[in-house]
Amino acid sequence: MVKLNVNPTRMELTRLKKQLTTASRGHKLLKDKQDELMRRFILLIKKNNQMRAEVEVSLQQAMKNFSVADALLSDKYIEELLAVPKEQVTLDVIEKDVMSVKVPIMNFQHQSEVSDGPLEYGFLNSNDELDQSIKKFTEILPELLELTEIEKTCQLMAKEIEKTRRRVNALEYMTIPQLEETIYFIQMKLEENERAEVTRMIKVKNMGTT
C-alpha cells in the first residue's frame, strides 16, 4: 500500500489519526448498513419469488379463460364488449425511505362495491368464459401492483447494496490501510528524528566537557 505524500510532522500525525478514527467509524456504520440492507433484501427476494409464483398461476388461469372466450367470440366483438370501463381506478405512487433508499409505495384505489357486483360491458351479451377471465384479472390487479412495488424495491436496494459495498471496500482495503501506513511512517520518522536530536545533544555536551 502506497503511503500518503505528507510531511512527517506531529501536526500531520494528529490530523491523520483523527482522519483514521473518522474512517474507521464510517466503515463500521457502512458495514452495519450493508448487513441490514442484505437482510431486508433477502427477505424481500423470498417474498417476491413466492408472490410471483402465485400471480403467475392466477394469470395462467385468467388467460386460459380468455383464450376460450377469444375462440368463441371475434376480436372485434370482444373489443366492443370491453369498450366501456366498468369502474374507475386510481393509483398513487409515493416514496418511502428505507435505509437511505427511496422505494415506491403504490396505493391502489377502486370501487370495491362495484367490483364485487356483476360484470357489465358495453354490450350485455357476453359469455361466461370472458366474465370469469375479467373477474380473475380484476382480482389479480392489486397483487400485480404489490409485486411491481416489491420488485422495484429489490432493484433499488440491490443498487444501494452494491454502492455501499464499494464504499466499504474502498475504506477497508485502501483508505484505512493507507492512513495506518502513513501514520506508522510518520511515527517512525519522528522517533528517528528524536533519536538523532538526542545523539546530537550528547555530542554537543561531550564537546563542551572536553
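Rules and cut-offs
- Residues numbered from 1 in each chain as written.
- Predicted model: local features only at pLDDT ≥ 70, side-chain atom pairs only at ≥ 80, totals over all residues.
- Heavy atoms only, no water.
- UniProt positions renumbered as here; feature names shortened; annotations may be inferred.
- Helix = DSSP H or I, 4+ residues; strand = E, 2+ residues; numbered from the N terminus.
- Contact = heavy atoms within 4.5 Å.
- Salt bridge = Lys/Arg side-chain N within 4 Å of Asp/Glu carboxyl O.
- Buried < 20%, exposed > 50% of the residue type's maximum accessible area, 1.4 Å probe, protein only.

- Naming follows an unreviewed UniProt entry, where the protein appears as V-type ATP synthase subunit D of Enterococcus dongliensis.
- According to the UniProt record, the Sequence similarities (unreviewed entry) comment for the protein is "Belongs to the V-ATPase D subunit family."
- Recorded under Function (unreviewed entry), the UniProt text for the protein is reproduced unchanged: "Produces ATP from ADP in the presence of a proton gradient across the membrane."

## Overview of the environment of Glu-129
Reasoning step 1: Take Glu-129: it is sitting in helix 4 (residues 128-209).
Reasoning step 2: With 62 residues separating them in the primary sequence, Glu-129 and Ser-67 have C-alpha atoms 8.6 Å apart.
Reasoning step 3: Beyond its immediate sequence surroundings of up to four residues, Glu-129 is in contact with Asn-65, Val-68, Ala-69 and Leu-72.

## Quick word on the pattern of salt bridges
Reasoning step 1: This model, assessed by the stated rule, comprises 16 salt bridges.
Reasoning step 2: Where Lys-31 meets Asp-35, a salt bridge forms, and the shortest distance between an N and an O atom there is 3.3 Å. With Lys-31 and Asp-35 both in helix 1 (residues 10-72), this residue pair falls 4 residues apart, about one helical turn.
Reasoning step 3: Residue classification places Asp-35 among the partly exposed positions, given a relative accessible area of 41%.
Reasoning step 4: Arg-166 is the partner of Glu-162 in a salt bridge, and the nearest nitrogen-oxygen pair spans 3.5 Å. Of this pair, Glu-162 and Arg-166 both sit in helix 4, 4 residues apart, which is roughly one turn of the helix.
Reasoning step 5: Overall, the relative accessible area of 48% leaves Arg-166 in the partly exposed class.
Reasoning step 6: Shared partners join several salt bridges into a network, and the residues in it are Lys-33, Glu-160 and Lys-163.

## As for unusual backbone geometry
Leave glycine aside and you will find that most residues have negative phi; peptide bonds, for their part, are mostly trans.
Reasoning step 1: A positive phi angle, near 55°, is found at Met-99, a position not held by glycine.
Reasoning step 2: Among the structural elements, Met-99 can be located in the loop between strand 1 (89-98) and strand 2 (101-110).
Reasoning step 3: With phi around 70°, Ser-100 is a residue other than glycine that occupies positive phi space.
Reasoning step 4: Mapped onto the fold, Ser-100 is located in the loop between strand 1 and strand 2.
Reasoning step 5: You can call Ser-100 exposed: its relative accessible area is 52%.

## With respect to the side chain of Asn-48
Reasoning step 1: Note on placement: Asn-48 falls in helix 1.
Reasoning step 2: Ignoring anything within four residues of it in the chain, the contact list for Asn-48 reads Leu-147, Ile-150 and Glu-151.

## Some details on the side chain of Asn-65
Reasoning step 1: Relative to the helices and strands, Asn-65 resides in helix 1.
Reasoning step 2: The residues touching Asn-65, leaving out its near neighbours within four places in the chain, are Glu-129, Gln-132, Ser-133 and Lys-136.

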